[in-house]
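# Structural overview
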Amino acid sequence: MTDPNTIRLSVSGMNCASCVGRVEKALNEVPGLSNVSVNLVNETAQFQMDDPATTGVAVTALSNAGYPARTARVILNVDAMSCASCVGRVEQALVRTPGLLNAAVNLATETAVVEYLSDAITPEEIARISTEAGYPAEIAQSDAHEDRSDRKAEEADALARRVILAAILTVPVFVLEMGKHTIPGFEGLIESTIGIQTSWLIQFALATVVLFGPGWGFFAKGIPALIKRAPDMNSLVALGTGAAWTYSVVATFLPQVLPDGVRAVYFEAAAVIVVLILLGRWLEARAKGKTGAAIQALLGLQAKTARVLRDGQATEVDIKELRIGDQILVRPGERLPVDGEVTEGSSNVDESMITGEPLAVPKAAGEPVTGGTVNGTGSLTITATRVGADTTLAQIIRMVEDAQGAKLPIQGLVDRVTMWFVPAVLVLALATVVVWLLVGPDPALTFALVAGVSVLIIACPCAMGLATPTSIMVGTGRAAEMGVFFRKGDALQHLDEVGVVALDKTGTVTQGQPSLTDLITADGFDRAETLALITSVEAQSEHPVAEAIVQSAKSEGLSWPDATEFRSVTGYGVEALVQGRKVHVGADRFMVQQSIDTSPLEDRERALAEKGRTALYAAVDGSLAAVIAVADPVKSSSAEVIAALHDRGIKVAMITGDKKATADAIAREVGIDHVIAGVLPDGKVAALDELRQGNSKIAFVGDGINDAPALAHADVGIAIGTGTDVAIESADVVLMSGDLRGVVNAIDVSRKTMRNIRQNLIWAFGYNVALIPVAAGALYPAFGLLLSPVFAAGAMALSSVSVLTNALQLRRIKATMSEQDPPHDAETKFATQPAE
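Computed from a predicted model, the values in this text were never measured in an experiment. (Residues numbered from 1 in each chain as written. Predicted model: local features only at pLDDT ≥ 70, side-chain atom pairs only at ≥ 80, totals over all residues. Heavy atoms only, no water.)

As a further point, take the overall build of the protein. The number of helices and strands found in the protein is 30 helices and 29 strands. For the protein, the spread of C-alpha atoms along the three principal axes comes to 125 × 75 × 50 Å. When the accessible area of the protein is evaluated, it comes to approximately 34,900 Å², of which 55% is carbon and sulfur surface. Taken as two groups, the 66 positive and 93 negative side-chain charges of the protein have centres that lie 6 Å from each other. (Helix = DSSP H or I, 4+ residues; strand = E, 2+ residues; numbered from the N terminus. Areas by Shrake-Rupley, 256 points an atom, 1.4 Å probe, with all protein chains shown as cover. Lys, Arg positive; Asp, Glu negative; His and termini not counted. Charge placed at Lys NZ, Arg CZ, Asp CG, Glu CD.)

This brings us to the sheet that holds strand E22 (residues 581-586). Read from one edge of the open sheet, 6 strands run E19-E24-E23-E22-E21-E20, paired in antiparallel fashion. At either margin of the open sheet sits one strand with a lone partner, and together these are strand E19 (515-521) and strand E20 (563-569). Taken over all neighbouring pairs, the strand axes of this sheet differ in orientation by 20 degrees on average, direction set aside. One ladder, built from 4 bridges, connects E22 with strand E23 (residues 614-620); its direction is antiparallel. Looking across to E23, one finds that His584 is bridged to Ala619. (Pairing = 2+ DSSP bridges. Axes fitted to C-alpha atoms, helices over the stretch in contact; angles between N-to-C directions.)

Strand E18 (residues 498-504) sits mainly inside the fold: 7 of its 7 residues count as buried. Direction of pairing for E18 relative to strand E27 (residues 697-702): parallel, over a ladder of 5 bridges. Each residue of the ladder has a partner; that of Ala502, found in E27, is Phe700. Sheet topology note: the E18/strand E25 (residues 651-655) ladder contains 5 bridges and is parallel. Note on E25: the bridge partner recorded for Val501 is Val652. (Buried < 20%, exposed > 50% of the residue type's maximum accessible area, 1.4 Å probe, protein only.)

Here the focus is the UniProt feature "domain: HMA" (unreviewed entry) in the protein. The UniProt entry lists residues 5-70 and 72-138 under the feature "domain: HMA" (unreviewed entry), expressed in the numbering used here. As a span, residues 5-70 carries 35% helix and 27% strand, and end to end its C-alpha atoms are 19 Å apart. Within residues 72-138, the helical portion is 33% and the strand portion 34%, while the C-alpha atoms at the span's ends are 17 Å from each other. (UniProt positions renumbered as here; feature names shortened; annotations may be inferred.)

For the rest of this paragraph, the subject is helix H19 (residues 527-538). Here H19 contains 12 residues, and its C-alpha end-to-end distance of 16 Å stays within 8% of the 16 Å for a straight helix at 1.5 Å per residue. Across the 12 residues that make up H19, a large majority, 10, are buried. For H19, every residue scored as buried is listed here: Arg527, Thr530, Leu531, Ala532, Leu533, Ile534, Thr535, Ser536, Val537 and Glu538. The backbone nitrogen of Ala528 has a side-chain oxygen 3.2 Å away, supplied by the residue at the start of H19, namely Asp526. (Expected span 1.5 Å × (residues − 1). Polar contact = N/O pair within 3.5 Å; in protein donor to acceptor, adjacent residues only side chain to side chain.)

As a further point, take a nonpolar patch on the surface. A cluster of nonpolar side chains, contributed by Leu430, Val434, Val435, Leu438 and Val439, occupies part of the molecular surface with about 520 Å² of accessible area. Along the chain, the position of Leu438 falls in helix H14 (residues 411-439). Assessed through its relative accessible area of 67%, Leu438 is described here as exposed. (Patch = residues over 30% accessible without salt bridge, like charges linked within 9 Å, V, L, I, M, F, W, Y side chains within 5 Å. Salt bridge = Lys/Arg side-chain N within 4 Å of Asp/Glu carboxyl O.)

A few words now on the packing of aromatic side chains. Following the criterion strictly, the structure yields 12 aromatic pairs and no others. Ring geometry for Trp436 and Tyr780: centres 5.3 Å apart, planes at 70 degrees, overall edge-to-face. Of the two residues, Trp436 is situated in helix H14 and Tyr780 in helix H29 (residues 780-783); the sequence distance between them amounts to 344 residues. The exposure class assigned to Tyr780 is partly exposed, which follows from its relative accessible area of 23%. With 5.3 Å between their ring centres and 55 degrees between their planes, Phe447 and Tyr780 make a pair best called tilted. With Phe447 in helix H15 (residues 444-458) and Tyr780 in helix H29, this pair connects stretches of sequence that are 333 residues apart. Taking relative accessible area as the criterion, Phe447 reaches 18% and is therefore assigned buried. Aromatic ring contacts, followed pair by pair, group Phe204, Phe212, Trp216, Phe219, Trp245, Phe253 and Phe267 into a single cluster. Note that Arg589 overlies the ring of Tyr572, its terminal NZ or CZ placed 5.6 Å from the centroid. (Phe/Tyr/Trp six-rings, centres within 6.5 Å; stacked < 30°, edge-to-face > 60°. Lys NZ or Arg CZ within 6 Å of the ring centre and 35° of its normal.)

The next subject is helix H22 (residues 602-610). Among the residues of H22, Glu605, Leu608 and Ala609 are the ones counted as buried. One side of H22 carries all its buried residues, which in axial view fall inside an arc of 100 degrees. Against E19, E23, strand E24 (623-631) and helix H24 (660-670) lie the buried residues of H22. Of the residues trailing H22, Gly612 is marked for its positive phi of about 85 degrees. (Arc of directions from axis to C-beta. Contact = heavy atoms within 4.5 Å.)

Attention now moves to the UniProt feature "transmembrane region" (unreviewed entry) in the protein. The feature "transmembrane region" (unreviewed entry), as annotated in UniProt, sits at residues 159-179, 199-223, 235-258, 264-283, 417-439, 445-468, 761-780 and 786-808 in this numbering. Taken end to end, residues 264-283 is 85% helix and 0% strand, and its first and last C-alpha atoms sit 33 Å apart.

Inspection of the entire model under this criterion finds 23 salt bridges. In this structure, the salt-bridge partner of Glu334 is Arg307, at a minimum N-O distance of 3.0 Å. Taken together, the residues span a long stretch of sequence, with Glu334 in the loop between strand E10 (327-330) and strand E11 (339-344) and Arg307 in strand E8 (residues 305-310) at a distance of 27 residues. Exposure remark for Glu334: the relative accessible area of 22% places this residue in the partly exposed category. For Asp496, the salt bridge is made with Arg758, and the minimal N-O distance between the two is 2.9 Å. Here Asp496 is found in helix H17 (residues 491-496), whereas its partner Arg758 is found in helix H28 (residues 741-776), with 262 residues between them in sequence. Here Asp496 falls in the buried class, since its relative accessible area comes to 18%. Residues participating in the shared-partner salt-bridge network are Arg307, Glu316, Arg331 and Glu334.

This part covers the packing of H15 against helix H30 (residues 789-808). At their nearest, the axes of H15 and H30 sit 8 Å apart, and the two run at 10 degrees to each other. Taken as axis vectors, H15 and H30 run roughly parallel relative to one another. On the side of H15, the interface is formed by Val450, Val453, Ser454, Ile457 and Ile458, while H30 contributes Pro789, Ala792, Ala793, Ala795 and Met796. Residues belonging to the contact of H15 with H30 are distributed by class as follows: 9 nonpolar, 1 polar and no charged. (Parallel < 35°, antiparallel > 145°, perpendicular 65-115°, else oblique. Nonpolar A, V, L, I, M, F, W, Y, C, P; charged D, E, K, R; others polar.)

With that out of the way, let us pick up the pairing of strand E9 (residues 313-318). On a regular strand, each side chain points to the face opposite its neighbour's, so the side chains alternate between the two faces of the sheet. Pairing analysis gives 6 bridges linking E8 to E9, with the strands arranged antiparallel. Residue pairing across strands places Thr305 opposite Asp318, the latter belonging to E9. Where E8 hands over to E9, the hairpin turn is made up of 2 residues, of which Asp311 adopts a positive phi near 55 degrees.

Their axes nearest at 7 Å, the elements helix H8 (residues 216-227) and helix H9 (residues 233-253) cross at an angle of 105 degrees. Accordingly, the angle class assigned to the pair H8 and H9 is roughly perpendicular. Residues Phe218, Phe219, Lys221, Gly222, Ile223, Ala225 and Leu226 of H8 lie in contact with H9, whose contacting residues are Asn234, Ser235, Val237, Ala238, Leu239, Thr241 and Gly242. Split by residue class, the contact of H8 with H9 holds 8 nonpolar, 5 polar and 1 charged.

Before going further, it helps to spend a moment on empty space enclosed by the protein. Here the idea is plain: a probe the size of a water molecule rolls over the atoms and shows the empty space left. On inspection of all chains with the given rule, the structure shows 4 cavities of 30 Å³ or more. Taken as a whole, the second largest cavity holds about 50 Å³ of empty space. Lining the second largest cavity are Ile277, Gly280, Arg281, Glu284, Cys462, Met796, Ala797 and Ser800. At the level of elements, helix H10 (267-291) and H30 are the ones that each hand at least two residues to the lining of the second largest cavity. Taken together, the residues of the lining of the second largest cavity break down into 4 nonpolar, 2 polar and 2 charged. (1 Å grid on protein atoms, 1.4 Å probe; cavity = no way out; pocket = protein on both sides within 12 Å on 5 of 7 lines; lining within 4 Å. Points joined across faces, edges and corners; volume = space filled by probe spheres on them.)

A few words on the environment of Thr122. Summarising the element assignment, Thr122 is placed in the loop between strand E6 (111-117) and helix H4 (123-132). Distance in space between the C-alpha atoms of Thr122 and Gly99 is 9.4 Å, their sequence separation being 23 residues.

What follows is the structure in structure tokens.
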């Protein structure tokens, strides 16, 4: 589950990296907020807060900074209110919730009108809060059904309309002004027909409509930002186009103010700049919508309705009305609505949306199923075990959203640059004008205007701000489609830097389903009786080794008495009283602790360990009774994965509680470089520190509860998704397939995404470093070239679109290793010979 003190909200008005910096600055200045992260691509801000009441202060700070948070409203029908105190309790429950701004509860109409932050909470969650407070609520009306993709689509449509209108108005302006420079005789035709002054008046009228119609947004946002001394990209465009328009207006209506040699108009430049930048933003909005395709695909996996069995009849209800314990009928070909357990029927279920693996998984009574997966040809009845925000699919969506909203360490460089970038551009533009006026050739004023406007227009902090978040969104989204989920966005960068991958053994390198292979008794002990005593103790344990022993006893048809006074000593073994006899089962260190002599069977135990088997001792009433061996088959993919990691220049280590001989045998089989054996559960963290001696970043892969500290301590913790929720919550990356191949895929996604980010940053910074001097006129002394503001606007628009287009290439990443493990048919021998 997500941290209740962490909130994500949708922010409007951001369009460049300098905007991101100002939003972060405004939020960081609010007392009680921490870990602020702002994402330009999905237009969100995320932060942690000490008190939910701080949310309102943060919203005010954003509004004052000129970047208001998007809000929405929902009306709830609330039942069970009978007095004013009920109203107070409902209001109190609602306003204490992070993301809710205010709530007005009306006893007479039995409604609650709630204003909340978009993206921070959903209407369904708000209704559930009231219900959990004892006042059942349902949504009566909501204005929040629009999701991000719909919003981006509407934004793109609005921009398209503005582009079309601006282009229609700009074409006559462009033809009238540029025609005389490109078409022979065109200027004479204008003079002999409508006249130059009339031409300028027409251009003025059309260009003015363009600037203050479709282009008004640049002035509405840019000028206030300039007045607040926090200029952004809109400020640059507003100043550039405004300067060109103002100069042209003076030349048209006050010609006597300007010398004859510099009397000219630049209405076409101002209008074309607006068209080109709007065109760039339209392309940018369309591309931004595509970057969130993975989230939309995941949302599309959620069923809308479910068929609930009530009084023996199947009733179709909205998915939001489902409760834990509901009996749900799932027909062939339907998508499972929620997580649950099969109570009746059997079928094959396509779980590829979770695991990335194509083969359907057989499901029968008693087996778990996941919401969003697709039922095969059989009919299933399931009992809902997790609904709403608690389902696996909902948690996956949150994981992807959290990763996509994260800020990587590499982004720090961008932030430091963009905070001063726009002010620096303003200073450069002013300096450009001054230099041209002082040393430029005639007409110096014209050259100064052209160069100054070009510098303002060509600068592009948009590309800088988009370089990192677009790649993160597309990369993590593609990884999710492959069954690799980055819970923390910064894991993308850290995984790229990993030099050592440390693996837990059981359930990670091995299948985690051990079987008993050997039972060697000491002199004077009967094998069947000894196995029954051991099974009595191990039946009380949940360890995989214990399960293997119990299953072997069952297969032999043995029965065993109940044990009492059971005690588990973590990392050592177990003990219990069985029909008055004290039985100990565990590692050699457990026997030493109990002062039991193991020398009669030490050679046999050592030989078993060298075969890669986990060997344990059993003692009865203080006397050594037997040595037992359990083999946990190595996953068929392990050797292949380790070879692939070696190909990528990564060393592989294994950390296990097994004896060194056992661990070394498995390491030799799969090609592991380094083994740390005999590690107690609380020693895995120290083992990671030992591996970290070479200053290399370490990734740890595990799946059990005892792996949680190591997963949290590693530079990157990778959890096998088939493991426990505790392990998953401690990890940075989750592999839903439970297959080690996902480690290679995660590393490949990380490396390709980071390479993509670096390409974007090189382009964004290189573009500005190279072209701002050109726009200022650096090539004029040598080549007589001065960049037109029109070309500057085109180049600026191209810069952002290029960065987005490059990021979208990540959607083509292919899973390097995606084959399903074949079934493991390894046979094990059950040795029954007594000790010699």
